[in-house]
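Residue-level structure breakdown
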Amino acid sequence: MIREISGGVCAARGFRAAGVHCGVKAGSSPDKRDLAMILSQRVCAAAATYTRNRVKAAPLHVTMDNLKNRRAWGVIANSGNANACCPRSRENALAMCAGAAQAVGLTAEDFVVASTGVIGQTINIGAIEAGIPALAAALSAEGSDQAARAIMTTDTIKKETALAFEVGGREVRLGAIAKGSGMIHPNMGTMLCFITTDCAISGELLDRAIHQVVPRTFNRVTVDGDTSTNDMCVVLANGMAENQEIQAEGAEYDAFVSALEQLCRTLARSIARDGEGAGRLVTCAVSGADSEESAEGLAKAVVGSSLVKAAMFGTDANWGRVLCAMGYSGVEFAPERVDVTFRSAAGAVPVCRMGEGLAFDEEKVKEVLSRDEVVIAIDVHQGNFGAECWGCDLTYDYVKINGDYRT
């Protein structure tokens, strides 16, 4: 049984975290934390997924190198600057690792490094190096909240969660923090996610698990169709739950994957709900497909459609835009067999059956589409597979936020 617990990345035994303000971005408020660290008491098995964007920020390349041995002790991350496509980006990513290592008595290769913020501007490495000693001194078992806030950019809410479950008769814990609001269309994995667990699991299986879960969670989110240069999802496992190490697939591995997927789904939905300028979470749930891949392709096309997103903002039951998005998804389906229903806590309104429009109460459907979460339910009547993808509405505020993001 999986249950929610408190503590974020510090919920798992042996992890501490912190977040401080060091002034990465010129003129930023002293109240805005912008430098975070997560540290384990023991060396961890480590695995990660990364953006598929051909343009990758320097921190990703450094992290890839550092995790070749599938081992790490901690994470150093900043907001306020992406350290991407700018002079000395690799040197500065390496300097962040070196500074973190010196502050806690480890080596630079022991750290995952991540950055998020404006692309193309040289990072203020002096501010980061000056802030690391205070960051290390602030590490605590209650520091997840600070770390979560330190990686936020245009996020309006922190993303933090934790779970407990059993493996081999031992309680095992998973915790995580994430950031993401705009430039969200992950293909890993701007989003960052750092996951900690005290489960004892081999590096090989940890890598298999995160690559199994990310496509079904974070890669089913789209806010604006833009895949960032900095997307990264990292999981660290220190084994301090003292369960017998998971070294092969089976019931214990399945239990771990199930909990990891629930954790990542919670964060994925939180990222979609907090899309830049968003007023509501939009879920597209496709059923009756001939494969899970087909269902995902249809659902992602719908939640990614600017016209569908705009209709959701206007509480306009323009279901024709849903069918249109399905039609250019590249997925084979029979339009004449499609049913569409708009659903929320206010009720459900069928708007299309067998590819043709139904008469419906405009006032009722407006009430349904006005809620904080709206579901576009689609049945393609072709098989037994389904999938959900998550997005948000497209509002005036999205343009305002991104019109002057750099300045």
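Rules of the game
- Residues numbered from 1 in each chain as written.
- Predicted model: local features only at pLDDT ≥ 70, side-chain atom pairs only at ≥ 80, totals over all residues.
- Heavy atoms only, no water.
- Core = buried A, V, L, I, M, F, W, Y, C linked by side-chain atoms within 4.5 Å.
- Buried < 20%, exposed > 50% of the residue type's maximum accessible area, 1.4 Å probe, protein only.
- Helix = DSSP H or I, 4+ residues; strand = E, 2+ residues; numbered from the N terminus.
- Contact = heavy atoms within 4.5 Å.
- Salt bridge = Lys/Arg side-chain N within 4 Å of Asp/Glu carboxyl O.
- Polar contact = N/O pair within 3.5 Å; in protein donor to acceptor, adjacent residues only side chain to side chain.
- Disulfide = S-S within 2.5 Å.
- Pairing = 2+ DSSP bridges.
- Axes fitted to C-alpha atoms, helices over the stretch in contact; angles between N-to-C directions.

All right, on to the nonpolar core then. One finds Ile195, Ile201, Phe218, Phe256 and Leu260 to be the most contacted residues of the largest nonpolar core, which totals 40 residues. Looking at this core element by element, the count peaks at 11 residues for helix H6 (residues 251-273). Setting aside residues up to four positions removed in sequence, Ile201 forms contacts with Ala45, Leu206, Ala237, Glu245, Ile246, Tyr253 and Phe256. Counting 36 residues, the second-largest nonpolar core is a separate cluster that includes Met326, Val331, Val374 and Val380.

Bringing the pattern of salt bridges into the picture now. Enumeration according to the criterion identifies 22 salt bridges in this entry. Of the charged contacts, one joins Arg3 and Glu171 as a salt bridge, the two residues approaching to 2.5 Å between their closest N and O atoms. Placement of Arg3 in strand S1 (residues 3-4) and of Glu171 in strand S7 (residues 170-179) is noted, with a sequence separation of 168 residues between them. The exposure class of Arg3 is partly exposed, given its relative accessible area of 41%. Judged by its relative accessible area of 26%, Glu171 is partly exposed. In this structure, Arg216 and Glu292 form a salt bridge, with 3.5 Å as the shortest nitrogen-oxygen distance. Placement of Arg216 in the loop between helix H5 (203-213) and strand S9 (232-237) and of Glu292 in helix H7 (residues 292-304) is noted, with a sequence separation of 76 residues between them. According to the relative accessible area criterion, Arg216 is partly exposed, its value standing at 35%. Salt bridges sharing common partners tie together Arg216, Arg220, Glu261, Arg265, Glu292 and Glu296.

With respect to the element layout, Asp393 can be found in the loop between strand S15 (385-392) and helix H11 (396-403). We classify Asp393 as buried; its relative accessible area is 2%. Side-chain polar atoms of Asp393 contact the backbone nitrogen of Gly279, separated by 2.7 Å. When sequence neighbours within four positions are dropped, the list of residues in contact with Asp393 reads Ala278, Gly279, Arg280, Val282, Lys309, Met312 and Phe313.

This part takes up the state of the cysteines. Applying the stated criterion to the full structure yields zero disulfides. The thiol sulfur of Cys199 is not disulfide-bonded, and the nearest other cysteine sulfur, from Cys44, lies at 12 Å.

This paragraph deals with the sheet that holds strand S13 (residues 356-357). Here we have six strands laid out as an open sheet, ordered S13-S12-S11-S14-S10-S15, and mixed in their pairing. Either end of the sheet is taken by a strand with one partner, and the two such strands are S13 and S15. Bridging between strand S12 (residues 347-353) and S13 involves two bridges; their strand directions are antiparallel. Within S13, the residue paired with Arg353 across the bridge is Glu356. Packed on one face of the sheet, H6 meets strand S10 (281-289), strand S14 (373-379) and S15 and runs near 40 degrees to S15. Those strands touched by helix H8 (residues 306-313) are S10, strand S11 (339-344), S14 and S15, and its axis lies near 130 degrees from that of S14.

Let us look at the environment of Leu174. Relative to the elements of secondary structure, Leu174 occurs in strand S7. Judged by its relative accessible area of 0%, Leu174 falls in the buried class. For the pair formed by Leu174 and Gly19, sequence separation is 155 residues and the distance between their alpha carbons is 20 Å. Those residues in contact with Leu174, other than ones at most four positions away along the chain, are Thr161, Ala162, Leu163, Phe165, Ile195, Thr196, Thr197, Phe256, Ala259, Leu260 and Leu263.

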